[in-house]
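One letter stands for each residue in the lines below.
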Amino acid sequence: MKELITGAEALMRSLEHQGVKTLFGYPGGSIMPVFDALYDHRSTLHHILVRHEQGATHAAQGFARTSGQVGVCLVTSGPGATNTITGIADAMIDSTPIVVIAGQVGTTFLGSDAFQEVDLVGITQPISKWSYQIRRAEDVPYAVARAFYIAASGRPGPVVLDFAKNAQVEKIEYEPLSIDFVRSYVPVPDTDPMSVIRAAEYINKAKKPLVLAGQGVELGGAQDELRRFIEKAQLPVGCTLLGLSVLSSEHPLNMGMLGMHGNLATNVKTNECDVLIAVGMRFDDRVTGNLATYARQAKVIHFDIDPSEINKNVKADVAVLGDCKQTLRAVTELLVPTDHKEWIASFEPYRRKEMEKVIEPEIHPAAGPLNMGEVVRAVSEAAHHEAVLVTDVGQNQMMSARYFKYTRNRSIVTSGGLGTMGFGLPAAVGAAFAVPDRTVCVFMGDGGLQMNLQELGTVMEQKAPVKMILLNNNYLGNVRQWQAMFFHRRYSFTPMLNPDYMKIAEAYGIPSRRVIDRADLHAAIAEMLATDGPFFLEACVVEEGNVLPMTPPGNSVDEMLLEC
């Protein structure tokens, strides 16, 4: 007779079978049998106690985005489960593979409004790839195997397992299970050979081609394929926010970031190119601006793994469905080597203009308070442009994305589609455990930091080597900028009365330093990077600084403001 084990123990063994070594969570009544089982697996499953369940999901996201593995979090029912909703929604829109396992009341209590009961499956079905309630212990191996397969395959995303308490304590004969097929689920669609041929024909005939590279390149591990693709036909590239590290910042064909606060040249040339080649990106509204005027002159080729993205926002003349690691390779084989020298040279006047009007004044100001971009670039340079950038949301996000530089893949972790303030600090904790050999720098604003400030407790307990940089302007900066530009400087509830962050860092036992004067900046950064473990650096920056260039909402993507 085989060994009988509880459903909770079966979960532990199933997680180990999936290769899980790190998980983030917070215990409670309805998940207590699982945490009891976890006690005996502490040598193989490293559980990191966060201070809030939302922090667990963001930490799992940071872990997944930097490691390429599935992030895992473990929480209780009721408020524990509902506290994960923001992270699940964030992971869904940004295609981040996480598995959220939540406790649930026993099946005999379901529907009775029992203590800490909530319909988690009903809540999360619209914001997850799969949401499933485990009602019997015998379903644990199947549910876990299916969850990890769905989360990681195709276009990645979050999966939710709602684990009834009776199923946690029931006994079963355990057998490990792996799944690589789910009926009616097609993670990677077949590629039409004619789409490959037509895409190559369009590119070979193009006089002004432009590639838009998104996070799908990173998720598909197709960074080398993208590089060979663009180099063979000398195709200039613009990158989305989440795709910034798919190509080195210094690559001669990398023309910079796309979108509302992207680089001038890439946005202007989007509306001048004759063939627009989108790879692993979804034509988000922050990238396209006014769709009525977006790239109307261009033939559009769209490489994507998700058929639902085709023609959703921008009509594609050629849709190349499939895994971009394979589809890029197939199209590259059919490309004719060329140079496009004149077209590439036409980007340069716009790059010089942005450098003169925006970039140089931001990173090398003549006088006055510290600038956000100045601090970001100084940190990036001190880390030799090899660090992982994690951001919160707001001006700190846009400034750090713009002025950080990238030389390695999977080097940017940020909340893109949902724009979740409070994302940065816990995501950085997750990243630090995913890639312990790399420096992890998280840039935050004073507003976003305070939304998950309690995760400093996680940093303290775990001694997580996160380099935390607070760009403190005493405002909800992004909203303030919009109020200044579009609401006649009526600063309605955007000024922030801040605490003494040095005292807060001291209370958590985290080394810290505040920088006000420019003369002290580089020494402070050097101290931060030389410190083993965590460090908190507060940079007191100009209060009413603006992120430029900017495409105002409703404008064409090439109608960018260089000053305001």
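Parameters and conventions
Residues numbered from 1 in each chain as written. Predicted model: local features only at pLDDT ≥ 70, side-chain atom pairs only at ≥ 80, totals over all residues. Heavy atoms only, no water. Salt bridge = Lys/Arg side-chain N within 4 Å of Asp/Glu carboxyl O. Helix = DSSP H or I, 4+ residues; strand = E, 2+ residues; numbered from the N terminus. Buried < 20%, exposed > 50% of the residue type's maximum accessible area, 1.4 Å probe, protein only. Disulfide = S-S within 2.5 Å. Pairing = 2+ DSSP bridges. Contact = heavy atoms within 4.5 Å. Axes fitted to C-alpha atoms, helices over the stretch in contact; angles between N-to-C directions. Phe/Tyr/Trp six-rings, centres within 6.5 Å; stacked < 30°, edge-to-face > 60°. Lys NZ or Arg CZ within 6 Å of the ring centre and 35° of its normal. Arc of directions from axis to C-beta. Lys, Arg positive; Asp, Glu negative; His and termini not counted.

Description of the pattern of salt bridges
(1) Moving on: Following the criterion strictly, the structure yields 22 salt bridges and no others.
(2) Moving on: Between Glu374 and Arg518 there is a salt bridge whose closest N-O contact spans 2.4 Å. In this pair, Glu374 sits in helix 17 (residues 372–382) while Arg518 sits in the loop between strand 19 (512–515) and helix 24 (521–530), placing the two residues 144 residues apart along the sequence.
(3) Moving on: The class for Glu374 is buried, based on a relative accessible area of 7%.
(4) Moving on: Each of Arg155, Asp306, Glu309 and Lys312 takes part in a single network of salt bridges with overlapping partners.

Looking at the state of the cysteines
(1) Moving on: For the coordinates displayed, the defined rule picks out zero disulfides.
(2) Moving on: Residue Cys273 stays outside any disulfide, its sulfur separated by 15 Å from that of Cys239, the closest cysteine.
(3) Moving on: According to the relative accessible area criterion, Cys273 is buried, its value standing at 0%.

So, the sheet that holds strand 19
Pairing between the strands of a sheet comes from backbone hydrogen bonds, and it takes one of two forms, parallel or antiparallel.
(1) Moving on: Taken together, six strands build an open sheet; the order of strands is 16-15-17-18-20-19 and the sheet is parallel. The two strands at the open ends of the sheet, each matched to only one other strand, are strand 16 (412–413) and strand 19.
(2) Moving on: As defined by bridge partners, strand 19 adjoins strand 20 (residues 535–540) across four bridges and the pair is classed as parallel. If you follow Val515 over to strand 20, its bridge partner there is Ala539.
(3) Moving on: Contacting strand 15 (388–391), strand 16, strand 17 (440–445) and strand 18 (466–472), helix 18 (residues 395–403) runs over the sheet at an angle of about 160° to strand 15.
(4) Moving on: Seen against the sheet, helix 19 (residues 424–434) touches strand 15, strand 16, strand 17 and strand 18 and runs at an angle of roughly 175° to strand 17.

Examining the packing of aromatic side chains
How two aromatic rings sit relative to each other is set out by the distance from centre to centre and by the angle between their planes.
(1) Moving on: A complete count under the given rule lists 13 aromatic pairs for this structure.
(2) Moving on: Relative to Phe486, the ring of Trp482 has its centre 5.6 Å away and its plane inclined at 80°; by these criteria the two rings are edge-to-face. Note that Trp482 and Phe486 are positioned in helix 22 (residues 477–486) at a spacing of four residues, about one turn of the helix.
(3) Moving on: Ring geometry for Tyr501 versus Phe536: centroids 6.3 Å apart, planes at 20°, classification stacked. Of this pair, Tyr501 sits in helix 23 (residues 501–507) while Phe536 is found in strand 20, placing the two residues 35 residues apart along the sequence.
(4) Moving on: A connected cluster of aromatic rings, assembled from ring pairs, spans Trp130, Tyr132 and Tyr142.
(5) Moving on: Lys269 extends its terminal NZ or CZ atom over the ring of Phe347, reaching a point 5.8 Å from the ring centre.

Quick notes on helix 24
(1) Moving on: Of the residues making up helix 24, those classed as buried are Leu521, Ala524, Ile525 and Met528. Buried positions in helix 24, seen along its axis, are confined to an arc of 100° and lie on one side of it. Among the exposed residues of helix 24, those pointing more than 90 degrees away from its buried face are His522 and Ala530.

As for the pairing of strand 17
(1) Moving on: Of all six residues in strand 17, six are buried; the element is thus mostly enclosed.
(2) Moving on: Side chains Val440, Val442 and Met444 of strand 17 all project onto a buried face; the interleaved residues Cys441, Phe443 and Gly445 project onto the opposite face, where all are buried too.
(3) Moving on: Relative to strand 17, strand 15 runs parallel, the two sharing four bridges. Residue Val390 lies in a different strand from strand 17, and its bridge partner there is Val442.

Observations concerning the sheet that holds strand 12 (residues 275–279)
(1) Moving on: An order of 11-10-9-12-13-14 is seen for the six strands of this open sheet, with the pairing classed as parallel. A single partner strand is all that each edge strand has here, and the edge strands are strand 11 (254–257) and strand 14 (318–321). Direction aside, the axes of adjacent strands within the sheet are offset by 20° on average.
(2) Moving on: With four bridges connecting them, strand 13 (residues 299–304) and strand 14 associate as parallel partners. Looking across to strand 14, one finds that Asp304 is bridged to Leu321.
(3) Moving on: Against the sheet, helix 11 (residues 223–233) engages strand 9 (209–213), strand 10 (237–239) and strand 12, with an angle of about 170° to strand 9.

Some points on the side chain of Asp90
(1) Moving on: Here Asp90 lies in helix 5 (residues 85–93).
(2) Moving on: No salt bridge is formed by the buried Asp90, whose closest oppositely charged neighbour, Arg65, lies at an N-O distance of 5.0 Å.
(3) Moving on: The residues contacting Asp90, other than those within four sequence positions of it, are Gln61, Ser415, Leu418, Thr420 and Phe423.

Remarks on the environment of Lys207
(1) Moving on: If you trace the backbone, Lys207 turns up in the loop between helix 9 (193–205) and strand 9.
(2) Moving on: For Lys207, a relative accessible area of 63% corresponds to the exposed category.
(3) Moving on: Each residue touching Lys207, except ones within four places of it in the same chain, is listed here: Asp274, His340 and Trp343.

Notes on unusual backbone geometry
(1) Moving on: In this structure, the amide linkage connecting Leu548 to the following residue, Pro549, adopts the cis form with an omega of -5°.
(2) Moving on: Turning to its location among the elements, Pro549 is positioned in the segment after strand 20.
(3) Moving on: The phi angle at Ser95 is positive, at roughly 55°, despite the residue not being glycine.
(4) Moving on: Considering the arrangement of structural elements, one finds Ser95 in the loop between helix 5 and strand 5 (98–104).

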